[in-house]
Amino acid sequence: MEKQCDALHLMHGSMFVLLERFVVDTYDHSTWLKLLEWAGVEHTSFQMHEMYPTHEIFAIVGCLGESTEQPVFDLMEQFGEFMVPDLMLLYSRYVRPEWRTYEMLINTEDAMHGAVRREDNRTNPPKLLVTKKGVDQLMIEYSSKRRMAGVAVGIVKGIASYFDESDKVEVMLLSPADAERVQIKVDFLN
Ligand code: HEM
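In this numbering scheme, every chain counts its residues from 1 along its sequence in written order. With the structure being a predicted model, the display of local features is reserved for residues of pLDDT at least 70 and the display and counting of side-chain atom pairs for 80 or more, all residues being used for whole-chain, interface and lining totals. Neither water nor hydrogens contribute to the side-chain values; these are computed over all heavy atoms in the structure.

Asker: Quick question: what am I supposed to make of the site of the ligand here?
Answerer: In these notes, residues near a molecule or strand are those with any non-hydrogen atom within 4 Å of it. Residues in close proximity to the ligand total 27 residues, the closest being His 12, His 113, Asn 124, Tyr 142 and Ser 144. The way it works is a 1 Å grid over only the protein atoms, where trapped points that fit a 1.4 Å probe form a cavity and open points with protein on both sides within 12 Å along at least five of seven lines form a pocket, and then any residue with an atom within 4 Å of a point lines it. More than half of a molecule's atoms lying within 2 Å of a cavity's or pocket's grid points is what places that molecule inside it. When atom positions are compared with the pocket grids, the ligand is found to occupy the largest cavity. Each helix is a run of H or I in the DSSP string that is no shorter than four residues. Each strand is a run of E no shorter than two, and both are numbered from the N terminus. Broken down by secondary-structure element, the contributors of at least two residues to the shell around the ligand are strand S1 (10-12), helix H2 (13-26), helix H5 (72-90), helix H6 (101-119) and helix H7 (149-162). With 6 residues, H6 is the largest single contributor of residues to the shell around the ligand.

Asker: How should the nonpolar core be read in this particular structure?
Answerer: Within soluble globular proteins, side chains that are nonpolar generally end up buried alongside one another. The nonpolar core is taken to be a set of buried Ala, Val, Leu, Ile, Met, Phe, Trp, Tyr and Cys residues, with the residues joined through side-chain atoms within 4.5 Å. Exposure classes here rest on a 1.4 Å probe applied to the protein chains alone. A residue is buried below 20% of its type maximum, exposed above 50%, and partly exposed in between. Core analysis: the biggest nonpolar cluster contains 56 residues, and Leu 19, Ile 57 and Val 186 have the highest contact counts within it. Each of domain 1 (2-73) and domain 2 (80-188) contributes no fewer than three residues to this core. We call two residues in contact when some of their heavy atoms are within 4.5 Å. When residues no more than four places from it in sequence are discounted, the contact partners of Val 186 are Leu 105, Asp 136, Gln 137, Leu 138, Ile 140, Val 156, Val 169 and Glu 170. All domain edges in this entry derive from an automatic or database-based domain assignment.

Asker: Explanation requested: the domain arrangement of the chain in the structure shown.
Answerer: Frequently, the measure chosen for interface size is the accessible area removed from exposure when the parts meet. Per the domain assignment, the segments of the chain are domain 1 (2-73) and domain 2 (80-188). Centre-to-centre separation of domain 1 and domain 2, based on C-alpha positions: 21 Å. At the junction of the two partners, domain 1 supplies 21 residues and domain 2 supplies 20 residues. Buried area between domain 1 and domain 2, summed over both chains or domains, comes out near 1700 Å², and the portion from carbon and sulfur atoms is 71%. Here the buried area means the combined drop in accessible surface, using a 1.4 Å probe, for two parts upon being joined, counting both sides. The largest share of the area that domain 1 buries against domain 2 comes from Leu 8, Leu 18 and Phe 73, three residues that together contribute 33% of it. By convention in these notes, a salt bridge is any Lys or Arg side-chain nitrogen within 4 Å of a carboxyl oxygen on Asp or Glu. Our enumeration of links across domain 1 and domain 2 arrives at 1 salt bridge. For Asp 86, the salt bridge is made with Arg 21, and the minimal N-O distance between the two is 3.1 Å. Contacts described as polar in this section are N or O atom pairs within 3.5 Å, which, within protein, must combine one atom able to donate a hydrogen with one able to accept it, while residues neighboring in sequence count only if both atoms come from side chains. Where domain 1 meets domain 2, there are 3 residue pairs in polar contact (both at pLDDT 80 or more). Secondary structure elements with two or more residues in the side of domain 1 that touches domain 2: helix H1 (2-9), S1, H2 and helix H4 (54-68). For the side of domain 1 that touches domain 2, the element with the highest residue contribution is H2, accounting for 6 residues. Think of it as three bins: nonpolar holds Ala, Val, Leu, Ile, Met, Phe, Trp, Tyr, Cys and Pro, charged holds Asp, Glu, Lys and Arg, and polar takes everything else, Gly as well. Here the residues of the side of domain 1 that touches domain 2 sort into 12 nonpolar, 5 polar and 4 charged.

Asker: Before we go on, may I ask you to explain the side chain of Thr 54 in this structure?
Answerer: Considering the arrangement of structural elements, one finds Thr 54 in helix H4. What makes Thr 54 buried here is its relative accessible area of 6%. With residues up to four places along the chain from it excluded, the contact list for Thr 54 reads Leu 8, His 9, Leu 10, Met 11 and Arg 146.

Asker: How do you make sense of the environment of Glu 109 when you look at a structure like this?
Answerer: Its location among the elements puts Glu 109 in helix H6. The buried category is assigned to Glu 109, whose relative accessible area is 15%. In this structure, the C-alpha to C-alpha distance between Glu 109 and Leu 87, residues 22 residues apart in sequence, is 14 Å. Among all residues touching Glu 109, those that are not within four sequence positions of it are Gly 114, Arg 117, Pro 126, Lys 127 and Leu 128. In this structure the side chain of Glu 109 is engaged in a polar contact, spanning 3.1 Å, whose partner is the backbone nitrogen of Leu 128.

Asker: What is the right way to read the coordination of the iron atom of the ligand from this model?
Answerer: Counting protein donors to the iron atom of the ligand gives just one, His 113 (NE2), placed at 2.1 Å. Turning to its location among the elements, His 113 is positioned in helix H6. In this analysis a donor is any N, O or S atom within 2.8 Å of a metal ion (3.2 Å for sodium, potassium and calcium), and since water is not included, sites may seem incomplete.

Next up, the structure:
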């Protein structure tokens, strides 16, 4: 029980390193330093292979939302979208060259999140249940007590953009954004 709680309260350093990259790239380095201070985060650098408290992501993004007057969900989505090229690079050995958005989404749970869990058993990526609904629709059920549906929607959009398929992939969140279990509908237009 305690181990499960620890696993959920801590998140892989890659997420924090990529959040820093997102803020510095979208704003600048001094914004990042100010956010850490406002959010009460004491360390000033994050390491890829360490684990850090999940609530620090919410605190940092919450402060960014307040200072830029943007909804946290939108920022989480932008962050998710932004991180895809780096995630794909970090875990490139698990991606088959013939995969595009559709195959990537079908295979994320086993190939990608599976690899994340195997490579580091301290991690606990969200459960993704991806179901084929006909030939041009996928339904993704995302479940995580961390409730990061905004990041999930952003990653799906980021994957479409990574494969240069944004114009034919429509992503729609069908559940309340702060739910523990949400459904994301992905339509592939011809
Ligand atoms: C390119 C393939 C992907 C890679 C390499 C990847 C990798 C990761 C990693 C390393 C984490 C941190 C896990 C932890 O600290 O426990 C994570 C978390 C997360 N992933 Fe993925 N992921 C991928 C695809 C996806 C997709 C397609 C979605 C959404 C449908 C998604 C949604 C999330 C969310 C929302 C989190 C934040 C933690 C949480 O919600 O519990 N990921 N992912």
